[in-house]
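# An overview of the molecular structure
Spelled out, the chains give:
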Amino acid sequence: MKASAVKSAVQVRRGVPVCTGSRGRVAPQARRASIVTRAGEEMMMWESLRQGLDEEMERDPKVMMLGEDVGHYGGSYKVSYDLYKKYGEMRLLDTPICENGFMGMGIGAAMTGLRPIVEGMNMGFLLLAFNQISNNCGMLHYTSGGQYNVPMVIRGPGGVGRQLGAEHSQRLESYFQSIPGVQLVACSTPRNAKALLKAAIRSDNPIIFFEHVLLYNVKGEVGDKDEVQCLERAEVVREGTDVSIFCYSRMRYVAMQAVAQLEKEGYNPEVVDLISLKPFDMETISKSVKKTRKAIIVEECMKTGGIGASLSAVINESLFDDLDHQVVRLSSQDVPTSYAFELESATIVQPEAVVEAVKNVVGQKAVAA
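Remember, predicted model here, so these are calculated numbers, not experimental data.

What counts, and at which threshold
- Residues numbered from 1 in each chain as written.
- Predicted model: local features only at pLDDT ≥ 70, side-chain atom pairs only at ≥ 80, totals over all residues.
- Heavy atoms only, no water.
- pLDDT = per-residue confidence, 0-100.
- Contact = heavy atoms within 4.5 Å.
- Axes fitted to C-alpha atoms, helices over the stretch in contact; angles between N-to-C directions.
- Helix = DSSP H or I, 4+ residues; strand = E, 2+ residues; numbered from the N terminus.
- Parallel < 35°, antiparallel > 145°, perpendicular 65-115°, else oblique.
- Left-handed = near helix turned anticlockwise from the far one by under 90°.
- Polar contact = N/O pair within 3.5 Å; in protein donor to acceptor, adjacent residues only side chain to side chain.
- Buried < 20%, exposed > 50% of the residue type's maximum accessible area, 1.4 Å probe, protein only.
- Pairing = 2+ DSSP bridges.
- Right-handed = clockwise from strand over helix to strand, strands pointing away.

On average, residues of the chain score 88 in pLDDT, and 88% of them are at 70 or above. Low pLDDT, under 50, characterises residues 1–34; the predicted model gives this stretch 64 contacts beyond four residues in sequence or across chains.

Pasting the structure below:
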């Protein structure tokens, strides 16, 4: 991915609906507008997310979105670009810069029957809303004795970008994984981003939906408006027999870059995109480990207390007798992310590290003569 990825990710295409709503009411022109989605159509990931959001808002009038600049500006990476003109300013609600406040507003809206999508302009900013997410979003269904559901999606850009600095390079999946009552989902392609977002919006559970800042301009095919993907299912990206590489989000691409080199040297790794970070899809994970008997976890999260630490513990607890080698974790270093490009690159996992780990785990047995 080029260093211009973030910049190009916010470049938008023209030709989107321009029917202006008024005070939350959909304009007559917008009501008549229909979404035309062709299976196999190619688009960037931000566009696929926007299309999924558009389709769900058209399908269900209870779906709404709120956050900083999600309306008139269209979101920090244009996921809601111009949708306020179609659905009105109350369904694309611009909020003050107060994460704890508008997160609480979203939770209240979900409790009263709406299906809110709360965007964090940067996922790192949602630390300011941690109280609402942990004490209310994940717990209200339980603490109310089942009287309330909280069907909401919390989404936005995160991960290490290109020289965005420490505060804008947070990986919050490790922070949120211990909160009871919430699901964690990480999309990685235009197709699964759209299908997973649609499923998350329809779910009655609170979903934290992770989008990597460097994947918004990745281009690929998307499904039609009826395609919805299971939120709890991992994806086998590449089948293999030598070692299981478990990854998610942008590390899917890092792993596949490593695989391209490993294939030339005779290795046959299996790559599994976790997608569901909580709960883990243990059916797919178990099947892969039992086949290869070796596991490498590749993540952008910090090594201490990260997603890889949890997955490694689960694999060791439930699949210990199926392993021929200790579980290997490749994670970001436990340091704040540097602004300097060279130092930033040195703190996160690169394809060369994955290649080396596979060789160390598998040895020379898999190398073609």
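On we go from here.
It is at 8 Å that the axes of helix 3 (residues 45–59) and helix 9 (residues 190–202) come closest, and there the two elements cross at 30°. For the element pair helix 3 / helix 9, the angle class is roughly parallel. Helix 3 and helix 9 meet at a crossing whose hand is right-handed. Seen from helix 3, the contacting residues are Met45, Ser48, Leu49, Gln51, Gly52, Leu53, Glu55, Glu56 and Arg59; seen from helix 9, they are Pro190, Ala193, Lys194, Leu197, Lys198, Ile201 and Arg202.

Before going further, it helps to spend a moment on the side chain of Lys198. Along the chain, Lys198 turns up in helix 9. Side chain to side chain, Lys198 and Glu56 meet in a polar contact 2.8 Å long. Excluding residues that lie within four positions of it along the chain, Lys198 makes contacts with Gly52, Glu55, Glu56, Lys225, Glu227 and Val228.

Before going further, it helps to spend a moment on unusual backbone geometry. Between Lys278 and the following residue, Pro279, the backbone shows a cis peptide bond with an omega angle of 0°. Checked against the element boundaries, Pro279 lands in the loop between strand 12 (276–278) and helix 11 (282–292). In this structure, Ile275 is a non-glycine residue whose phi angle is positive, near 60°. As for its position among the elements, Ile275 is in the loop between strand 11 (270–273) and strand 12.

On to the pairing of strand 7 (residues 207–212), then. The buried count for strand 7 comes to six of six residues, which makes it a mostly enclosed element. The alternating pattern of strand 7 places Ile207, Phe209 and Glu211 and Ile208, Phe210 and His212 on opposite faces, both of which are buried. Across six bridges, the pairing between strand 5 (residues 153–158) and strand 7 is parallel. Bridging across to strand 7, Gly158 finds its partner in His212. Bridge count for strand 6 (residues 183–186) against strand 7 is four bridges, and the pairing is parallel. Note on strand 7: the bridge partner recorded for Gln183 is Ile207. With helix 9 bridging strand 6 and the parallel strand 7, this β-α-β connection has right-handed handedness.

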